[in-house]
Structure formats: structure tokens, C-alpha cells
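Descriptive analysis of the structure
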Amino acid sequence: MDLTGSSAIVTGGASGIGAAAARRLAALGCTVVVADLQAEKGEALAAEIGGVFAQVDVTNTEQITAAVNAAAEIAPLRAVVNSAGVGFAQRTIGRDGQVESAHDLDWFKRVVNINLVGTFDVVRQAASVMSRNEPDADGCRGAIVNLASVAAFDGQIGQASYSASKGGVVGMTLPVARDLAASGIRLNTVAPGLIDTPIYGEGEDAEAFKSKLGESVLFPRRLGTGDELASMVVECLTNSYMNGETVRLDGGIRMP
Ligand code: NAD
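Residues numbered from 1 in each chain as written. Predicted model: local features only at pLDDT ≥ 70, side-chain atom pairs only at ≥ 80, totals over all residues.

Let's talk about the site of the ligand
G12, S15, G16, G85 and T197 are the nearest of the 29 residues found near the ligand. Elements with a minimum of two residues in the shell around the ligand: helix 1 (16-27) and helix 4 (104-130). In terms of residue class, the shell around the ligand is made up of 14 nonpolar, 13 polar and 2 charged. (Near = placed C-beta within 6 Å. Helix = DSSP H or I, 4+ residues; strand = E, 2+ residues; numbered from the N terminus. Nonpolar A, V, L, I, M, F, W, Y, C, P; charged D, E, K, R; others polar.)

Here's what the structure looks like:
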């Protein structure tokens, strides 16, 4: 699918995988709406790539509507990347006993609300606008990529909320792709492994934590890059024969 002259929305576009995807989409000729909570980083990236920043909290349905409408006013909205997400707090990894603690219900709801419900809300609102696009030669009116995680398949202690939210993103992939097929919209999911982005925090502790994580990858012994993930995101968006797929991109971390 040729995205030249289209608009695109990248939620979570101010940072990490989303920012890398936004840069690649701009290079393909899209005007990108960088939709994020973080205004300073989002505005800087939008200026760099000739896009637009939209202050969006994906748990706020009106803000999603505003971003989708803004994109469609610029040009036909043909590409959406749902990269907005919160991870697990570093302090929780590997620490058991958290399932019993009362405050974790709030954290669980918050993570599921952002990662899963927010993603679904963007999908449904974007699809509604995309379905009015003129179809291309393949009958395609638009394409959507959601970011899940390998934690959807093999989460660790301390990751219950995150794994549940990402499992939901994987779980919705086939039914939603089937539903949107009638409108000529493709939907795929990318499930990253351990990727070097600000999601792990910043500073010495975060660097030490990431370096330890990198060692857990059998080969190559490193974290992935945002750009490696963005490359797969763009493949899912532009390859017209790809639909309803969940692609793991994880450096083979599942290999023992
Ligand atoms: P990141 O922290 O660099 O970027 C996430 C962005 O989402 C941030 O800019 C943040 O401001 C934004 N965001 C958070 N909550 C939001 C909300 N409610 N509304 C709008 N924006 C919000 O992280 P990343 O590593 O680039 O993660 C991108 C996606 O990939 C996430 O969904 C994450 O769960 C997933 N993922 C990342 C990794 C990894 O190792 N980095 C692994 C698996 C999956």
C-alpha cells in the first residue's frame, strides 16, 4: 500500500518505538499526527518531521476523536500506529507477593485502561474515518498496527497487569481484523521483545537494568532498537497481503 500523500496517527509517537515509526512514516510521504501525553517531546518531533502534535491521552475518548479528525482534515487517514503504552514499574519485576497487595488493583486497571482499552478506542474511531476513504487498487482503505509485547505470551512475576493488557491486544487482533476486512482496513499486531527505549526509565539504574536484560537474549546479546521495531511496523502497514497477523520481533528471546 502506497502511503504517499496520506495522513497517519502514531499514538505514543513522542518516544521510543512510536517516534521511530513516525519518522519512517514521514519519510514515506505521510503527514504524521504525533499523538501523545508528552507535549515537549511530541512537538519537537512533529517539527522535525513536518507533522503535527496532538495532545492525546488514549484513555480520553474526546481527545482521540479530535486527533482522528485533525488527521483526516490534513489528508486521507490511511495509517495508524498504536504505540502509546505504559510498562511495568522496574521495582515490580521479579518481586512476588504483589498480586495480594490491595493497591495493585488501581495499577492493574490503569495499565489495562491505557494499553488495551485505549488501543481499542483508537482502532474503532480511526476505522470509522478510514472506512470513508477511496480504496486503492487492492481495495484497501487503511491499515492499523497495534503494539503488544512478548509479555502477552510469557509474562514474568510482577507483570500481571502488563501481560493481561498485552494479551488483550493480541486477542483482539483476529476478531477486529475480520470485522474491519469488510471495510477494506487491515489490522496487524507487533509484539516486541526487549527494546531500548525510555519505557525502562532513565539514569544509571535504568542503564544497568537494560544491560542485564540484554544479557538474557541468547543471540544477539542486546536489546532491540526502536528503529528495528519501526521497520516491522511499516512492513505491516504497507504490505497489502498482511492482515490479522501477530508478529513477534524479539531477538529470539523465547529460545532457551
Ligand atoms: P516509550 O515509553 O518510549 O513510549 C511510550 C509513549 O507512550 C510515551 O511517549 C508516553 O508518553 C506515551 N503514553 C503513555 N501513556 C499514554 C497515554 N495514556 N496516552 C497517550 N500516550 C501515552 O515506550 P516504547 O518502548 O516505545 O513502547 C511503545 C509500545 O511498545 C508500548 O505499547 C509498549 O508497551 C510496547 N513494548 C515495548 C517494549 C520495550 O521493551 N520497549 C517491549 C514490548 C512492548
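Some details on the sheet that holds strand 5 (residues 142-147)
Strand order in this open sheet of 7 strands is 3-2-1-4-5-6-7, and the pairing throughout is parallel. Both outer strands of the open sheet, strand 3 (52-55) and strand 7 (246-249), are each paired with one neighbouring strand and no more. For this sheet, the mean angle separating the axes of adjacent strands, direction not counted, is 20°. Note: strand 2 (residues 31-36) against strand 3, 4 bridges, orientation parallel. Paired with V33 across the bridge in strand 3 is V52. Running at roughly 170° to strand 1 (residues 7-11), helix 1 makes contact with strand 1, strand 2, strand 4 (77-82), strand 5 and strand 6 (185-192) of the sheet. Together, strand 4, strand 5, strand 6 and strand 7 form the strand contacts of helix 8 (residues 226-238), whose direction differs from that of strand 6 by roughly 160°. (Pairing = 2+ DSSP bridges. Axes fitted to C-alpha atoms, helices over the stretch in contact; angles between N-to-C directions. Contact = placed C-beta atoms within 7 Å.)

What to know about the confidence of the model for the protein
Do not read the fine detail of predicted coordinates wherever pLDDT is low. Here the protein averages 94 in pLDDT, while 95% of its residues score no lower than 70. Scoring the predicted complex yields pTM 0.97 and, for the interface, ipTM 0.99. (pLDDT = per-residue confidence, 0-100.)

Structural notes on the pairing of strand 6
Side chains on a regular strand alternate between the two faces of the sheet. The element strand 6 is largely enclosed, with a buried count of 8 among its 8 residues. Sheet topology places strand 5 next to strand 6; 6 bridges connect them, and they run parallel. From the neighbouring strand, I144 faces strand 6, where its bridge partner is L187. With 4 bridges connecting them, strand 6 and strand 7 associate as parallel partners. Among the inter-strand pairings, V190 is bridged to a residue of strand 7, identified as V247. (Buried ≥ 20, exposed ≤ 12 C-beta atoms within 10 Å, placed from the backbone.)

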